[in-house]
Amino acid sequence: MCGFLVKLRRATSHQSGVDLENYLPRYLDRRGPDSRGHLRLKFKNLDIDFLHYRLSITDLSTAGDQPMTCHSVTMVFNGEIYNYNLLRDELVSYGYEFVGESDTEVLCAGFNYFGVDFVSMLDGIFALFCIDHKRGKIFYCRDQFGVKPLYYSVLDSGEVLLGSDCRELAIIRRESIDVRRVILETVSFGYIGGLRTPYQGIQRVEFGISFELDSNLKTSFLAKITYSNVKVVDFEESILSQIPTLVPWGIQLSGGVDSSSLALLANKSKFSPKCYFVDFPFSKRLSEQKNVEEMMRLGMDVEQIELTPNLFWEHFLESQKSLHSPMIDSALIPQSIISAKAKKDGLKVLWSGAGGDEVFDAYPRYRTTVRPYVDKIFNYFEMSSFSKKGYPGSEFGIFSRLLNPMLDMKMASIGRGVADLTVKEKEFLWDVISVDVPKNEWINFESNSVYSRADLAEYLPNLLLSQADQISMHHGIETRVPLLNSYSESVASENKAMAPVDGNYKSYLLEIIKNRGGAGLDFSRKYGFGASPQDYLLSNLPSLTNILEQSTVWSEVPEEIRKNKNGLCPDLTWAMTSIFQWIELNT
């Protein structure tokens, strides 16, 4: 919804050269094109500066502008609270009065009445920074799934920065990219994981936890955020509560069951969406034409965008411009194309079908998960301290293969489970995580053991949700993920079988599609957002290898790769090109 920066310093300390009141951001303003707000205040012994850029969705008037101070609370907020009307009604019953209709004002009143515990009553996606004047506390947090970004940094002067884009914090810090680490980690995982960013002095704020800042600017853990005080409604109601009522909106259709079921659910609502497909005219195998025609037959507003070579390269560049850190995923380009078109069409919100498969254990690979060993692996190989440990060779290769769900490239030989590891690697794992099955059984294990917890902790927030938010917000569009809601969080947190009906999430969605007239849709093969990069590339497009050689970052690539550049598989060439392009755009 928005973007913000907060700078805190002790009143007696030296102030850095950056004045947020006159600061002109390089990235942040794209997250909030509707208004800019600045506030400077004193709180105890601290001087605090707020800078906020707003994308107005729930209240289009200036009454929703931020930074906001009301009900003895000052805050900045990025996101949407889907149950804010219910919370507002409850607060009115306690005697609170409201000036506008924004969810931010409801947050201020709620934090005034309940304190930080109010976070557990929020059904939404959010990153926020709040000063509770009544209780004399400062706290900040991100939502339970990690949809909305928030970054943290301490300057040499002792000042603390928090903000919605790590690149903006890097400009203020005058910090350069840790190029070699970024290349190694992104090639091996497909994204930068844990709390790490491309910059050594900046980290992600851990999602699903609220933190307190004291008067010495020291951070402490407050509480884990859950939906414990949210009234959990049924699955479909949780989804439909995310339909915006004041602004035009749409749905990104990937050709899969998830996004199609969302479109059919919303089609009969009062505020129906515009739907977007990306079409691949050079490949009948990738075409979604049949499904486009079927949805039009059902009365849906569907637009098909043809992927041309020029459009491909335009949005290869645009997608890299939008990302806070490099990512390797074929969905980046279609998402960028749809976001740009939605912006041109006057939309402010897009729905995405991301997240449901991970939360509801829908992938077949999850059904053979060796869950008991996940905690042991995470304890041994603590993701948040990865950058301190460096790259420990064999351990790095093994764990990247276990925890990376995206890539299949020669450099890392990445697989998805224990069955994909060598005998030597299995022996190593058996030793370090104390596997409680006989060693010979572990070594001979053949089923594809995949860790859904790793996806929820790493792949979902740090790749899928991050790219959805960052690409759309680059175009001034908010992406919502309706399959991540109070219902799905309640079952995920309890580690249940995780399905709305009969333990089969996909069957449930297919039943929704069937009941709403979509039986003619074809889901036998889905390519849309999942088409591999080489499927996009036509013979007349420039060679990716030549792009690599011309890059100023080529010298940072390990020598064994540079020597064998002509033998690189297409996915690895694509990955390296994406990483180099991001580095050059942000250097």
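Each remark here, short or long, concerns the structure printed above.
To start, this report covers the structure provided alongside it. Everything numeric here is computed off the predicted structure, so don't read it as measured data.

1. Quick word on the pairing of strand β8 (residues 151-154)
Across four bridges, the pairing between β8 and strand β9 (residues 160-163) is antiparallel. By the bridge assignment for β9, serine 153 is matched with leucine 161. Direction of pairing for β8 relative to strand β10 (residues 202-204): antiparallel, over a ladder of three bridges. In the sheet register, tyrosine 152 faces β10, and the bridge partner there is glutamine 203.

2. A short note on the sheet that holds strand β13 (residues 249-252)
With respect to topology, five strands assemble into an open sheet ordered β15-β14-β13-β16-β17, the strand pairing being parallel. Of all the strands in the sheet, just β15 (301-306) and β17 (478-480) have a single pairing partner and so form its edges. Across this sheet, the average inter-strand angle for adjacent strands is 30°, counted without regard to direction. Of the pairings in the sheet, the one linking β13 to strand β16 (residues 349-351) comprises three bridges and is parallel in character. Paired with glycine 250 across the bridge in β16 is leucine 350. Along the sheet, helix α6 (residues 257-267) makes contact with β13, β14 (274-279) and β16, crossing β13 at roughly 150°.

3. Focus: the environment of leucine 246
By secondary structure assignment, the location of leucine 246 is in the loop between α5 (235-240) and β13. As a C-alpha pair, leucine 246 and leucine 60 span 186 residues in sequence and 8.0 Å in three-dimensional space. In contact with leucine 246, other than residues within four places in its own chain, are Ile57, Thr58, Asp59 and Leu60.

4. Observations regarding the sheet that holds strand β4 (residues 68-70)
Sheets are built from strands that pair by backbone hydrogen bonding, the pairs being arranged parallel or antiparallel. Taken in spatial order, the six strands of this open sheet run β4-β5-β6-β7-β11-β12, and their pairing is antiparallel. At either end of the open sheet lies a strand with only one pairing partner, and these are β4 and β12 (219-224). Averaged over all pairs of adjacent strands, the angle between strand axes in this sheet comes to 25°, irrespective of strand direction. Across six bridges, the pairing between strand β6 (residues 124-132) and strand β7 (residues 137-142) is antiparallel. By the bridge assignment, isoleucine 131 is partnered in β7 with isoleucine 138. Strands β4, β5 (73-81), β6 and β7 of the sheet are contacted by helix α2 (residues 103-114), whose axis makes an angle of about 125° with β5.

Analysis parameters
Residues numbered from 1 in each chain as written. Predicted model: local features only at pLDDT ≥ 70, side-chain atom pairs only at ≥ 80, totals over all residues. Heavy atoms only, no water. Pairing = 2+ DSSP bridges. Helix = DSSP H or I, 4+ residues; strand = E, 2+ residues; numbered from the N terminus. Axes fitted to C-alpha atoms, helices over the stretch in contact; angles between N-to-C directions. Contact = heavy atoms within 4.5 Å.

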